[in-house]
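Inside the fold
Here is what each chain is made of, one letter per residue.
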Amino acid sequence: MADKLKDAKIIFVVGGPGSGKGTQCEKIVAKYGYTHLSSGDLLRAEVASGSERGKHLQAIMQKGELVPLDTVLDMIKEAMIAKADVSKGFLIDGYPREVKQGEEFEKKIGKPCLLLYVDAKAETMVKRLLKRGETSGRSDDNEETIKKRLDLYYKATEPVIAFYESRGIVRKVDSELPVDDVFGQVAKAIDAL
């Protein structure tokens with residue numbers, strides 16, 4: 001089963017909340033035929049499905065605890081295997097959040113060929129999230145909560161980026177630019193694979 005993924009192109013996509021990562025993922029899917037997998041979306045879908053595993057996950061998340069790494073990896077792997085025949089590659093979004101997750105991913109699934117780092121300044125992300133809050137009605141899009149989320153994100157991500165930089169697979173794109181210019185940088189990185 002895992003052989004299906006042996007030669008799969010795997011791209012880790014890392015970027016803070018409001019960095020524009022989601023938008024870039026959509027564009028990669030449209031142009032390159034990759035499958036976009038976000039661990040958060042997979043978890044939400046599993047809970048919504050009402051399966052046994054979904055109920056178990058919901059209980060964990062309601063307590064405010066983190067879902068075990070193995071469970072997240074199993075879900076990502078299942079989703080990848082389901083799409084292996086039709087997908088040109090995989091965008092793993094918002095993952096790994098720490099070096100250990102990256103190592104486990106490689107043991108269970110495969111090695112990434114690229115870590116795409118969608119980078120925006122903190123104040124840009126705050127601005128974008130506040131704007132999103134006006135329309136989304138998401139209660140966590142207020143300035144104080146946003147700054148907390150960004151702090152957590154930076155603390156978690158720095159070691160991950162350093163770990164993959166030492167392997168030479170990090171491509172950082174400047175997401176302060178207009179969307180299509182950002183995608184120009186992204187496409188260059190993918191075309192070089």
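The chain carries the name Adenylate kinase isoenzyme 1 in an unreviewed UniProt entry, which gives Neolamprologus brichardi as its organism. Recorded in UniProt under Subunit (unreviewed entry), the annotation for the chain is "Monomer."

**Remarks on the pattern of salt bridges**
What the rule picks out here adds up to 14 salt bridges. For D70, the salt bridge goes to K108, with nearest N and O atoms at 3.8 Å. With D70 in helix α4 (residues 69-83) and K108 in helix α5 (residues 99-108), the pair connects residues that are 38 residues apart, well separated along the chain. The partly exposed category is assigned to K108, whose relative accessible area is 28%. Put simply, K147 and E143 hold a salt bridge, and the shortest N to O gap is 3.0 Å. With K147 and E143 both in helix α7 (residues 143-165) and 4 residues apart, the pair spans about one turn of that helix. Residue class for E143 comes out partly exposed when judged on its relative accessible area of 39%.

**Digging into the pairing of strand β3 (residues 90-93)**
Taken residue by residue, a regular strand's side chains alternate between the two faces of the sheet. Residues F90 and I92 point to one face of β3 and L91 and D93 to the other, with burial holding for every one of them. The sheet contact formed by strand β2 (residues 35-38) and β3 spans 4 bridges and is parallel. Residue pairing in the sheet places H36 in a bridge with L91 of β3.

**Notes on the packing of aromatic side chains**
In this structure the tally under the stated criterion is 7 aromatic pairs. Relative to Y164, the ring of F12 has its centre 5.8 Å away and its plane inclined at 80°; by these criteria the two rings are edge-to-face. In this pair, F12 is assigned in strand β1 (residues 10-15) and Y164 in helix α7, connecting sequence segments 152 residues apart. Y164 shares its class with F12; the two are buried.

What counts, and at which threshold
- Residues numbered from 1 in each chain as written.
- Predicted model: local features only at pLDDT ≥ 70, side-chain atom pairs only at ≥ 80, totals over all residues.
- Heavy atoms only, no water.
- UniProt positions renumbered as here; feature names shortened; annotations may be inferred.
- Salt bridge = Lys/Arg side-chain N within 4 Å of Asp/Glu carboxyl O.
- Helix = DSSP H or I, 4+ residues; strand = E, 2+ residues; numbered from the N terminus.
- Buried < 20%, exposed > 50% of the residue type's maximum accessible area, 1.4 Å probe, protein only.
- Pairing = 2+ DSSP bridges.
- Phe/Tyr/Trp six-rings, centres within 6.5 Å; stacked < 30°, edge-to-face > 60°.

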